[in-house]
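Structure assessment
The primary structure of each chain is shown beneath.
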Amino acid sequence: MRRLILSLTVLLCCSGVAAAQMKFPQGGTKSVATSVEKPMPKPVKKKKTPPPPKSPPAKELFGSVTESAPIAARAIGSYSKGCLAGGMSLPIDGPDWQVMRLSRNRNWGSPQLVQFLERLSSDARALDGWPGLLVGDMSQPRGGPMLTGHTSHQVGLDADIWLTPMPDRTLTPEEREDISAVTMLKDPLTVDPNVFTDLHVKLIRRAASYPQVARIFVHPAIKKSLCQRADKFGKDQSWLAKVRPWWNHHYHFHIRLACPDGMAGCVNQNPVTGDLGCGKELDNWYDMLKKSAIWTAQQEFDPDAKPAPKKNPLRLTDLPGDCKTVLTSGGYEPLTADAELPPEAIAAMETKEAGPSVPRLDEAQLQTLLNGGKLSMPIPDRNPIR
Ligand SMILES: [Zn+2]
């Protein structure tokens, strides 16, 4: 036994030495007795010349501009990677609409979007009895990424409309900053039928009925309610195909116009198919919605919960080349890397959210979902919402 231990020790020592043999570029090897020799002095690091200052992220560049680009109107690029030339502002008061959160200066769009909202607000009032639109975010004066709130809305073809009806008086500027839209949900998975009324269904149906509308986004629970109630609103349910579930649209809905005909450089999404989206697609959304609700509720009880990682912001070079022309047109000098954001951009960032966050599961609801919920996929360790 002793002999075995001895030979093992020798073997280990030798392999240790072997491990300490270092290869040198000249060829041969040299034995390094690490415990005896002094460590090599560290090479002195050369001072690097600082890299040239980077341009600020595109959201800071476009979020600092207060006037539209004085060139021919054009939606450039795609909804989530683009900009807007020749943007028009929607007047803050119209016969059937009022613009909310004026300090954001996001009531800009393509002329087609502005005309569309004027038409929709008038039709919805005359034909459906909707008292008027409260208009949320459209685009910034020159479109592009925003400092807060949206991935899309970059090309002047998207608009958020509150699901809160317009009051029959002109709101003060302060009220337009402070009033909160009302959620249509009673819990993360279900619409409150006392809040989400037939009038809301008619408004969304009206918005989806125009040929220039490519998609309408609503919270999955609203989509479910529309699927269940569509029968009441006529035989033709094809409008439902354009109404797509998306996260967070529970106190507003989102109208997305298709690229106007023949507009060069405007990138459409694939058009919707004839599928009304009330079957398998909605089931899949409910699966994701449940997982997200469980994840959110569990995070609330978990003190070590990590926030979701941040994405790298878009740069001007990520956008279509023409967006540089849009940014600098009219002699505008874009924000430089070392400049502070202008006060207008800071004010826009600091405005109040337009509505409440999605309701959370209470503990009883969470337990029911965990015990009885049949989830076809495992719950991820990160919120699928993000
Ligand atoms: Zn939206």
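Note that the coordinates shown come from a computational prediction; the quantities given were computed from them, not determined experimentally.

1. A word on the pattern of salt bridges
Counted by the stated rule, this structure contains twelve salt bridges. Where Asp93 meets Arg176, a salt bridge forms, and the shortest distance between an N and an O atom there is 2.7 Å. Taken together, the positions of Asp93 in strand E6 (residues 93–94) and Arg176 in helix H4 (residues 173–178) put the pair 83 residues apart, joining distant regions of the chain. Given a relative accessible area of 37%, Asp93 falls into the partly exposed group. For Arg176, a relative accessible area of 2% corresponds to the buried category.

2. Considerations on the coordination of the zinc ion
At 2.3 to 2.5 Å from the zinc ion lie its protein donor atoms, namely Asp160 (OD), His249 (NE2) and His254 (ND1). As a motif over one chain, the donors of the zinc ion read D-x88-H-x4-H. The burial state of His249 is the same as that of His254; both residues are buried.

3. Details of the nonpolar core
Counting 60 residues, the largest nonpolar core has Ile204, Ile216, Phe253 and Ile255 as its most contacted members. Sort the elements by how many residues they give to this core and helix H7 (residues 280–301) lands first, with seven residues. Once you skip the residues sitting within four places of it in the chain, Ile216 turns out to touch Ile204, Ala207, Ala208, Lys242, Val243, Arg244, Phe253, His254 and Ile255. Judged by nonpolar contacts, the second largest core, of 14 residues, contains Ala58, Phe62, Ala85 and Leu335.

4. Re the pairing of strand E10 (residues 158–162)
In terms of residue burial, E10 counts as a mostly covered element, since five of its five residues are buried. Every second residue of E10 is oriented toward a common face, with Asp158, Asp160 and Trp162 on one face and Ala159 and Ile161 on the other, all of them buried.

5. Digging into the side chain of Asp187
Following the sequence through the fold, Asp187 ends up in strand E11 (residues 185–187). Buried charged residue Asp187 carries no salt bridge. Nearest counter-charge: Lys186, at 5.6 Å. A distance of 2.8 Å separates a polar side-chain atom of Asp187 from the backbone nitrogen of Leu189. Of the polar contacts made by the side chain of Asp187, one reaches the side chain of Thr190; its length is 2.9 Å.

6. Re helix H6 (residues 220–229)
Burial runs high along H6: eight of the ten residues are buried. All of the buried residues along H6 are Pro220, Ala221, Ile222, Lys223, Ser225, Leu226, Cys227 and Arg229.

7. Some remarks on the confidence of the model for the protein
Where the model shows low pLDDT, its predicted coordinates should not be examined in detail. For the protein, per-residue confidence averages 86 on the pLDDT scale, and 82% of positions sit at 70 or higher. In the model, residues 1–35 has pLDDT below 50 throughout and makes 13 contacts with residues more than four positions away in sequence or in other chains.

8. Some words on unusual backbone geometry
A positive phi is found at His153, a non-glycine position, where the angle reads about 60°. With respect to the helices and strands, His153 occurs in the loop between strand E9 (133–135) and E10. Even without a glycine there, the phi angle at Asn248 is positive, about 70°.

9. Structural notes on the environment of Leu157
One can find Leu157 in the loop between E9 and E10. Not counting residues within four places of it along the chain, the set of residues in contact with Leu157 comprises Ala75, Tyr79, Ser110, Leu113, Ile255, Arg256, Leu257, Ala258, Cys259, Pro260 and Cys266.

10. Looking at the pairing of strand E3 (residues 74–78)
In this sheet, strand E4 (residues 81–85) lies alongside E3 in antiparallel orientation, the contact comprising five bridges. Counted as the bridge partner of Ile76 is Cys83 from E4. Between E3 and the antiparallel strand that follows it, E4, lie two residues.

Rules used in this analysis
Residues numbered from 1 in each chain as written. Predicted model: local features only at pLDDT ≥ 70, side-chain atom pairs only at ≥ 80, totals over all residues. Heavy atoms only, no water. Salt bridge = Lys/Arg side-chain N within 4 Å of Asp/Glu carboxyl O. Helix = DSSP H or I, 4+ residues; strand = E, 2+ residues; numbered from the N terminus. Buried < 20%, exposed > 50% of the residue type's maximum accessible area, 1.4 Å probe, protein only. Donors = N, O, S within 2.8 Å, 3.2 Å for Na, K, Ca; no water. Core = buried A, V, L, I, M, F, W, Y, C linked by side-chain atoms within 4.5 Å. Contact = heavy atoms within 4.5 Å. Lys, Arg positive; Asp, Glu negative; His and termini not counted. Polar contact = N/O pair within 3.5 Å; in protein donor to acceptor, adjacent residues only side chain to side chain. pLDDT = per-residue confidence, 0-100. Pairing = 2+ DSSP bridges.

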